[in-house]
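An overview of the molecular structure
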Amino acid sequence: MNKRNTSIDETKNTKDVLEDTYDVCVVGGGSGRFGAAVAAARLGARVLLVEAGRGLGGTSTWAGVNNYEPVAGATGLPEEVYHRLREIPNAVALQCRRESHRPEWFWGGFDCVPETDYRLSLSRRGGTPITFEPETLNQVMLDMVALSGATLLLQTRFKSLNRQNGYIQSIVVEGSNGNAVIQADIFIDSTAGIYLAQAAGCQMAIGPESPSVYEEPSAPEKPDLVLNNASLCYRITPLKKDEPSQIQSLPTDVDLNKVQPVTSIRTYPNGDLNMNPIHMMTGKEAYELGEKAHEIAQKRILAHSHILQTRYGAQNESPFSFDRWRIVWVSPMLGVRETHRLVGQYVLREQDLDSGLRGQVHDDVIALADHSIDFHGARPSRELPGPYGIPFRCLLPIEVDNLLVACRGASFSSIGASSSRLSRTMMVLGQAAGTAVALFGTDVHRFDSEVLKSQLRKDGVALDLKTGYLDAMDDIVPIAKPRW
Ligand SMILES: Cc1cc2nc3c(=O)[nH]c(=O)nc-3n(C[C@H](O)[C@H](O)[C@H](O)COP(=O)(O)OP(=O)(O)OC[C@H]3O[C@@H](n4cnc5c(N)ncnc54)[C@H](O)[C@@H]3O)c2cc1C
């Protein structure tokens, strides 16, 4: 790859100069970006990572989504992350649904189990989730990035870019010392909201498509802007025996009609509970509120906690007795499930999900997944027959030759994204993006799929059912009963 110097921004407030040279600049530090940066750097590319926040992991750490849902194909880097977390006490655990769960309760609770075989998490149907300490995940990711040789720039936000003749020439980022211009041969957009692709003028979509777009069987005839719900996750810890109950006071200016008790609850390895309130803010409301959304969501989760404590306390036979728990942490980042998506060289759609790996005809499948079509009540949801493949072309824009999109905003239809967006699937997509740019450089849009798949397999990514799908493995017995 050609090495170019990063240069000083010519705008007046430039204070910072980046003096090194980079083949690849990855923007956004979530699951996708982490995978992309580590994979590219390990294969010898000079990588710069730019992340707006204080650490890595994005939604998985800073939005408190410290839960890896069971999913086929979560192999390669996510599996390595799990094994590194396992080396640290109380950092990670497989989970199983609580025996005491009752359908009339408004939450789904999961407990840690002693089993440790990672393959148990590789199936939506019979697999088990994994819960981890978010701060430890951040540390493990920081270590892996440092070991890979990639350069990391935290608290630095992408602002704008300069595109000419189908190429991004440079991007402008803003850090604590002001603005800087970064030049690189290739850029990978892992900002979730695909801010680079937006700025580069790539075609995008938001919300549901009508059947006329991809002929999806369950696409709505008259699509409205309906987005998957947003959630602000929080952590609660049990009170000591002699501590009096502390009922969370109800904020005065909160609309209680918007706060439902429905919660996904996961047990942290240390016994605390992760509360993911599913119905507290619609995706559309979060999108329209923009930066104000977190502040409003924060009031709603205090109300959410109050409702659980007063309705499901010790006297209600609830296994959690929420009045004996108190909030110890509220996520600094609102959990946003859906915003803009790229319309790239191929758009993953409902037909892919239903055909499954065996029925799909793509020769560039670089990740497996099998999560349900899941809109959290905002639109109809359903389980899938089995695992499907995600083609590499979903990461490639049509309009820009040196840009890849490796995050939840990749080229998926709204229905496709509702299934594929899981953290570990995003990490595998990132791994594919990083691997491809290291292998093919600026020719990445003319990738050789066999070469790419062969490298991914070498690096632990399972692209067949026998190695990537728990239900197809003969030598391991799932902990949980198949769910349907
Ligand atoms: C409430 C909720 C619950 C979920 N539950 C689960 C679950 O149980 N299991 C599961 O596997 N998945 C779950 N998901 C889905 C999954 O967590 C996300 O889809 C996935 O983590 C997204 O990864 P990503 O890399 O695309 O984006 P993110 O992890 O969101 O990372 C994007 C990163 O880009 C950075 N960024 C944004 N803008 C800029 C900028 N201008 N400049 C620089 N950096 C920028 C952000 O700071 C962030 O770090 C859930 C999601 C939500 C919101």
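Not measured: the values here are computed from a predicted model. (Residues numbered from 1 in each chain as written. Predicted model: local features only at pLDDT ≥ 70, side-chain atom pairs only at ≥ 80, totals over all residues. Heavy atoms only, no water.)

Considerations on the pairing of strand β8 (residues 157-164)
A regular strand carries its side chains on alternate faces of the sheet. Here β8 runs beside strand β9 (residues 167-175); their pairing, made up of seven bridges, is antiparallel. Bridging from a neighbouring strand, Leu 161 pairs with Ile 171 of β9. The hairpin turn running from β8 into β9, its antiparallel successor, is two residues long, and Asn 165 in that turn takes a positive phi close to 50°. (Pairing = 2+ DSSP bridges. Helix = DSSP H or I, 4+ residues; strand = E, 2+ residues; numbered from the N terminus.)

Quick word on the sheet that holds strand β10 (residues 178-182)
The antiparallel open sheet is built from three strands, whose spatial order is β8-β9-β10. The two strands at the open ends of the sheet, each matched to only one other strand, are β8 and β10. Shown here is a sheet whose adjacent strand axes are inclined to one another by a mean of 20°, direction ignored. As paired strands, β9 and β10 are joined by five bridges and run antiparallel to one another. If you follow Glu 174 over to β10, its bridge partner there is Asn 179. (Axes fitted to C-alpha atoms, helices over the stretch in contact; angles between N-to-C directions.)

Focus on the pattern of salt bridges
For the coordinates displayed, the defined rule picks out 23 salt bridges. The closest approach of N and O atoms between Glu 338 and Arg 341, which form a salt bridge, is 3.4 Å. In terms of burial, Glu 338 and Arg 341 fall into one category: buried. Between Glu 450 and Lys 453 there is a salt bridge, with the nearest N and O atoms lying 3.4 Å from each other. Within this pair, Glu 450 and its partner Lys 453 are both found in helix α12 (residues 449-458), separated by three residues, close to a single helical turn. One salt-bridge network, held together by shared partners, links Glu 69, Arg 124, Arg 266 and Glu 383. (Salt bridge = Lys/Arg side-chain N within 4 Å of Asp/Glu carboxyl O. Buried < 20%, exposed > 50% of the residue type's maximum accessible area, 1.4 Å probe, protein only.)

Here's the deal with the domain arrangement of the chain
Quoted interface sizes are often the accessible area lost when the parts come together. Under the domain assignment used here, the chain contains domain 1 (1-93 + 126-226 + 337-484) and domain 2 (230-336). Taken together, the contacts link 28 residues of domain 1 with 22 residues of domain 2. The largest contributions to the domain 1 side of the interface with domain 2 come from Trp 62, Leu 225 and Arg 337, which together make up 28% of the buried area. Between the two partners, domain 1 and domain 2, sit two salt bridges. (Domains from an automatic or database assignment. Contact = heavy atoms within 4.5 Å. Buried area = accessible area lost by both parts, 1.4 Å probe.)

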